[in-house]
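Take a look at the letters that make up each chain.
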Amino acid sequence: MKKTLTIIGFLAVFTAGAALADDDCFVPMADWQPRDAVAMLAEENGWTVRRTKIDDGCYEIDGRDAEGRAIEVTVHPATLEVIEFEYEDDEDDRRERDHERRDDD
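A.B. asks: Is there a simple way to think about the overall build of the protein chain in this case?
C.D. replies: Looking only at helices and strands, the protein chain features three helices and four strands. Across the protein chain, helices and strands are ordered from the amino to the carboxyl terminus as α-α-β-β-β-β-α. Each of the 105 residues in the protein chain was classed as buried or not, and the buried ones make up 23%. For the protein chain, the computed accessible surface area is about 7700 Å², with 54% contributed by carbon and sulfur atoms.

A.B. asks: So what exactly am I meant to see when it comes to the sheet that holds strand β2 (residues 58–64) here?
C.D. replies: Sheet strands pair via backbone hydrogen bonds, and the direction of the pair is either parallel or antiparallel. Reading across the sheet, the four strands line up as β1-β2-β3-β4 and stay open at both edges, with antiparallel pairing between neighbours. Each having just a single partner strand, β1 (48–55) and β4 (82–87) make up the two edges of the open sheet. Ignoring strand direction, the axes of neighbouring strands in this sheet form an average angle of 20 degrees. As paired strands, β2 and strand β3 (residues 70–75) are joined by six bridges and run antiparallel to one another. Bridge pairing in β3 places I61 opposite V73.

A.B. asks: What is the right way to look at the environment of V49 in this model?
C.D. replies: Mapped onto the elements of the fold, V49 is located in strand β1. According to the relative accessible area criterion, V49 is partly exposed, its value standing at 37%. Taking the C-alpha atoms as reference, V49 lies 7.6 Å from A39; in sequence the two are ten residues apart. Setting aside anything within four residues of it in sequence, one finds V49 in contact with A42, I61, D62 and G63.

Calculation criteria
- Note that residues are indexed from 1 along each chain, following the sequence as it is written.
- In view of the model being predicted, local features appear only for residues whose pLDDT reaches at least 70, and side-chain atom pairs are presented and counted only at 80 or more, with totals across whole chains, interfaces and linings using the full set of residues.
- As a convention, hydrogens and water are excluded, and side-chain values are obtained from all of the structure's heavy atoms.
- Helix and strand definitions follow DSSP, with helices as H or I runs of at least four residues and strands as E runs of at least two, each counted in order from the N terminus.
- Here's how the labels work: a residue is buried when its accessible area is under 20% of the maximum for its type, exposed when over 50%, partly exposed in between, all with a 1.4 Å probe on protein chains only.
- Residue-level accessible areas treat just the shown protein chains as cover; the underlying method is Shrake-Rupley with a 1.4 Å probe.
- Note on pairing: two strands pair once DSSP finds at least 2 bridges between them.
- Working convention: axes come from line fits to C-alpha atoms, limited for helices to the stretch in contact. Angles between N-to-C directions cover 0 to 180 degrees.
- In what follows, a contact means two residues having at least one pair of non-hydrogen atoms within 4.5 Å.

Printed below as a string of structure tokens:
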């Protein structure tokens, strides 16, 4: 009985952890919206795009919001639904600006 409860407890925790970590997009490429549609989504939201890339099967936008804050936005490739929206911290911004200054020198 103790062994059964241990297994059930493990499965419950494992399943919950997998569900929480499920920010991947599993969509066939034929169903993806084009990058131009992602750019239009960003423009409609007032975001300035520095880079758009694919991460874990999702579109990921790195840029700035309308107020100039650094953002990272994860977008579903088929529906263009915003899955995750993060503000980057100021320390990352400072490092990025310092790196850009060094490149200019």
